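# Structure assessment
One-letter residues, chain by chain:
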Amino acid sequence: MHVAVTAVGVDRPGIVAAVTKVLMDHGGNLEDTAMTRLGGHFAMVLVVEVPGDEDAAALEQALGAEAGPLGLSVTVRRIADVDAPADDGETWSVSMHGADRPGIVHRVTALLADAGANIVDLSTRRLATDAGTGYVVLLEVVLPGSTDPERLEADLEALAAELGVDVHLRPDEADLL
């Protein structure tokens, strides 16, 4: 059986250790995770395999008891067991950076969706620079064979010019994770 665990709270030492201790004590095994600091908060999303007799509500209560003193808001939900999706296509990286403005993420993700790209990872970061507030968007996408990367790159460059940002599209060469 699998559960999705989410936890969010003000960043501080010990959050990951506290959450994973409870999961380990309940027979949990981390399968997929994303954990990061977001604007001074720490957020985690975990897919955890747990014994079939483990109750999601009881696990949430145990996590709340351990993580409550750390100021975390925790949820645990049972999720369906599914096979990992086959990435039918090639993996590419997209990076965009420039001045911060509303709508950057929406505009680039809408363009990618229209091109048939499946976004498998996305992160953003606001940066304070001497020139003002900057913004970075990093995406990992899977492009189907029917998508022309050169055409997509031209479309991304046109969007980048409109938004006043820089964009780069390149094949993702990562062999790990």
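Residues numbered from 1 in each chain as written. Predicted model: local features only at pLDDT ≥ 70, side-chain atom pairs only at ≥ 80, totals over all residues. Heavy atoms only, no water.

If you tally the helices and strands in the chain, you get four helices and eight strands. Beginning at the N terminus, the succession of helices and strands in the chain can be written as β-α-β-β-α-β-β-α-β-β-α-β. Along the longest, intermediate and shortest principal axes, the C-alpha atoms of the chain span 50 × 40 × 25 Å. When each of the 177 residues of the chain is scored for burial, the buried share is 31%. Here the contacts in the chain between residues at least 6 apart in sequence split such that 69% fall between residues at least 24 apart. Looking at the chain, you have 11 positive and 30 negative side-chain charges, and the mean spots of the two groups are 10 Å apart. (Helix = DSSP H or I, 4+ residues; strand = E, 2+ residues; numbered from the N terminus. Buried < 20%, exposed > 50% of the residue type's maximum accessible area, 1.4 Å probe, protein only. Contact = heavy atoms within 4.5 Å. Lys, Arg positive; Asp, Glu negative; His and termini not counted. Charge placed at Lys NZ, Arg CZ, Asp CG, Glu CD.)

Another point: the pairing of strand S1 (residues 2-10). The side chains of a regular strand alternate, residue by residue, between the two faces of the sheet. Here S1 runs beside strand S3 (residues 41-49); their pairing, made up of nine bridges, is antiparallel. Among the inter-strand pairings, alanine 4 is bridged to a residue of S3, identified as valine 47. Examined bridge by bridge, S1 and strand S4 (residues 73-79) share seven bridges and lie antiparallel to one another. Residue pairing across strands places valine 5 opposite valine 76, the latter belonging to S4. (Pairing = 2+ DSSP bridges.)

The periodicity of an α-helix, 3.6 residues per turn, causes residues three or four positions apart to be oriented the same way. Regarding helix H3 (residues 104-114), the residues found buried are Ile104, Val108, Thr109, Leu111 and Leu112. Angular distribution of buried residues about the axis of H3 spans 155 degrees; they occupy a single face of the element. Turned more than 90 degrees away from the buried face of H3 sit His106 and Asp114, all of them exposed. Buried residues in H3 make contact with strand S5 (90-99), strand S6 (118-129), strand S7 (132-143), helix H4 (149-163) and strand S8 (165-171). Backbone geometry just downstream of H3 places glycine 116 in the positive-phi region, at approximately 85 degrees. (Arc of directions from axis to C-beta.)

Next up on the list: the sheet that holds strand S2 (residues 29-38). Strands sit in the order S2-S3-S1-S4 across an open sheet of four strands; the sheet is antiparallel. Every interior strand has two partners, whereas the edge strands, S2 and S4, have only one. With direction set aside, neighbouring strand axes in the sheet form an average angle of 10 degrees. Lying on the sheet, helix H1 (residues 15-25) is in contact with S1, S2 and S3; it crosses S3 at an angle near 20 degrees. (Axes fitted to C-alpha atoms, helices over the stretch in contact; angles between N-to-C directions.)

Ranked by internal contacts, the top residues of the largest apolar core, which has 22 residues, are Val3, Val5 and Leu63. Sorting the residues of this core by element identifies S1, H1, S3, helix H2 (56-67) and S4 as the ones contributing at least two each. Looking at this core, the element that brings in the most residues is H1, giving five residues. With near-sequence residues (within four places) excluded, leucine 63 lies in contact with Val5, Val19, Val22, Leu23, Gly68, Val74 and Val76. Formed by 21 residues, the second largest nonpolar core is a distinct cluster that contains Met96, Leu156, Val167 and Leu169. (Core = buried A, V, L, I, M, F, W, Y, C linked by side-chain atoms within 4.5 Å.)

Attention now moves to the sheet that holds S7. Read across the sheet, four strands follow the order S6-S7-S5-S8 without closing on themselves; strand pairing throughout is antiparallel. Unpaired on one side and paired on the other, S6 and S8 mark the two borders of the sheet. For this sheet the average axis-to-axis angle between neighbouring strands, irrespective of direction, equals 15 degrees. By the bridge criterion, 10 bridges tie S5 to S7 in an arrangement that is antiparallel. The residue of S7 that forms the bridge with threonine 91 is valine 142. Strands S5, S6, S7 and S8 of the sheet are contacted by H3, whose axis makes an angle of about 20 degrees with S7. Most of the contacts of H4 go to S8, to which it runs at about 165 degrees, and overall it touches S5, S7 and S8.

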